[in-house]
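Working through the structure, step by step
Residues per chain, in single letters:
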Amino acid sequence: MIQTIQTSPIAGQKPGTSGLRKKTPVFMATPYLENYVQAIIDGIGGVEGRTLVVGGDGRYFNDTAIGVILRMAAANGAARCIVGQGGLLSTPAASHLIRKRKADGGLILSASHNPGGPEADFGLKYNGPNGGPASEAVTDQIFARTQDLTEYRIWEGDAPDIGLLGEAQLGAMVVEVIDPIADYADLMESLFDFAAIRTLFADGFRIRFDAMHAITGPYAHEILENRLGAAAGSVVNGTPSPDFGGGHPDPNPIWAHELMAAMYADDAPDFGAASDGDGDRNMIVGRGCYVSPSDSLAVLADLAHLAPGYAGGLAGVARSMPTSAAVDRVAAAKGIACFETPTGWKFFGNLLDAGRATLCGEESAGTGSNHVREKDGLWAVLLWLNILASTGKGVGQIMSDHWARYGRNYYSRHDYEEVNSDAAGALIADLRAELPALAGKSYGALIVDSADAFAYDDPVDGSHSAGQGLRVFFTNGARAVLRLSGTGTAGATLRVYLEALETDPAALHHDPQAALADVITAIDAIAGIAARTGRQGPDVIT
Ligand code: VG1
Ligand code: CO
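Notes on the structure follow. (Residues numbered from 1 in each chain as written. Chains lettered and ligands numbered in written order. Predicted model: local features only at pLDDT ≥ 70, side-chain atom pairs only at ≥ 80, totals over all residues. Heavy atoms only, no water.)

**Here's the deal with the site of ligand 1**
In the region of ligand 1, 20 residues are neighbours, and T17, S112, S485, G486 and T487 sit closest. Interatomic distance of 2.7 Å between a side-chain N/O atom of R281 and an oxygen atom of ligand 1. Between ligand 1 and G486 there is a distance of 2.6 Å, counted from an oxygen atom to a backbone nitrogen or oxygen. Residue composition of the shell around ligand 1, by class: no nonpolar, 10 polar and 10 charged. (Near = heavy atom within 4 Å. Polar contact = N/O pair within 3.5 Å; in protein donor to acceptor, adjacent residues only side chain to side chain. Nonpolar A, V, L, I, M, F, W, Y, C, P; charged D, E, K, R; others polar.)

**Section: the packing of aromatic side chains**
Across all of its chains, the model carries 10 aromatic pairs by this definition. Plain terms: the ring middles of Y184 and Y219 are 5.5 Å apart, the flat faces sit at 90 degrees to each other, and that makes the pair edge-to-face. Note that Y184 is positioned in helix 6 (residues 182-191) and Y219 in helix 8 (residues 216-227), a separation of 35 residues in sequence. Accessibility classification places Y184 together with Y219 in one group, the buried group. Seen in terms of ring centroids, F347 and Y456 are 6.1 Å apart; in terms of plane orientation they differ by 85 degrees. Their pairing is edge-to-face. In this pair, F347 is assigned in the loop between strand 16 (337-341) and helix 12 (349-353) and Y456 in strand 22 (residues 456-457), connecting sequence segments 109 residues apart. Residue class for F347 comes out buried when judged on its relative accessible area of 8%. Ring pairs connect the aromatic residues F27, Y32, F61 and F122, which therefore count as one cluster. (Phe/Tyr/Trp six-rings, centres within 6.5 Å; stacked < 30°, edge-to-face > 60°. Helix = DSSP H or I, 4+ residues; strand = E, 2+ residues; numbered from the N terminus. Buried < 20%, exposed > 50% of the residue type's maximum accessible area, 1.4 Å probe, protein only.)

**Some points on helix 11 (residues 326-334)**
Buried within helix 11 we find A326, V327, V330 and A331. Along the axis of helix 11, the buried positions cluster into a sector of 135 degrees, meaning they face one direction only. Packed against the buried residues of helix 11 are helix 10 (293-303), strand 15 (316-320), strand 16, helix 14 (395-406) and strand 19 (408-419). G335 sits one or two positions beyond helix 11 and adopts a positive phi of about 70 degrees. (Arc of directions from axis to C-beta. Contact = heavy atoms within 4.5 Å.)

Following this line, the structure appears as structure tokens:
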């Protein structure tokens, strides 16, 4: 029976960079989730007769929230919900499923790299029929609906058991529980030379894949160990847990320090990788050689044609604005287009749909292609493996060769977390006001060439997105970018992105922090970061 429950708007249900993220207890307090789900349903024009994909990264509250979503989808007239068994679906697998099953959209439950658990973070986002995160126009409609909601609809009675494969009925709606892994693994097999990678492993190549207690564990077991023959035990921390083993499922050298230690040890494996909470990010590390995500994107763009799925070459590439220009240099050499978008995967969708970009990436360890409409952690790992198998080179050699050919864009991101929101807002506002006056001024060894606030005009649909980060360019080609995170749940997180181009062959193997010292000093002098945040230094350096 359909129940219509009176409700009133809840403040702050504004989707950020990737859906709505809040503390778990906030989401758990009825009707927080219910209001937001109804706002999504109304914001996308209803779900009557429609098919939705539903799944999440398995964090605390995932299964309960899915029960609510199924009951609300049924009460709002949806025809079918396709759910990953146990409520599990990695973000890229969900994107693939939406596309493969020609669903009308999907609800993905995840706060990605944010920690999970009863006191940690939860999140929910809507992806459209192309499998990609909703555009800003759609998230604006959803947010507007959260502000004038008066009721929500929910099916009275329990949702079917999502632990059991097969179809069940919830009112007039079918709940179809599917294997979350098989379709995705098949897609990967269609893109990459599995035979060559299998030979690599059979010849003794060792991999360590750290799933960080999150969603990619079961996918990595199936693909790397079962289908590709990597030694048993190659996948570590491979069982998803509701609180990610108490850790922070963010694949970077700080949070994946166990992997870093293993890869810098004497008996290090040949290849290391990690993925995040919902499986859309990747970290790549060779033996004693961490690969920055911006460099990884450039290498993949350069060598993707070695994989069968990309043998025809790339139509173009795209990167988020804060991502380094390493990939731009590859695109220029290949004579293909290179697009610069705001942070967040939603901006790549139009370029991928229009066939203008084949590969996309972000400095935050997200890379992906037109095979889905999300970034994809395991995909990146497999493309790297395919490249290593085809070239016979190690990660360190690939990087040295790349820098020797293209130069090296030294890169780092400094995060200041849980900064007082007013102080962070003022820092950005004051810097924005000062931007026009910066050109020509010297800060230590550097001179400002130009400075601006990044805005994006989508070349496909013409939409305009302003306020996407502040950029300061220096005359030597270095750059600093500042923006506030749109995925945090407490205070403000200030992200400072630092980049300096080096083409001197004798200077390609320095420590990035040392290579960036001048930019770090200059941007602190310009923006007053230490003084305004009251911090001695960043909380996280990646
Ligand atoms: C961060 C990253 C951004 C990424 C987003 C979602 O956003 O910087 O590149 O697209 O997370 O990734 P922000 O606004 O905090 O900087 V995920 O893996 O959380 O879905
Ligand atoms: Co993620």
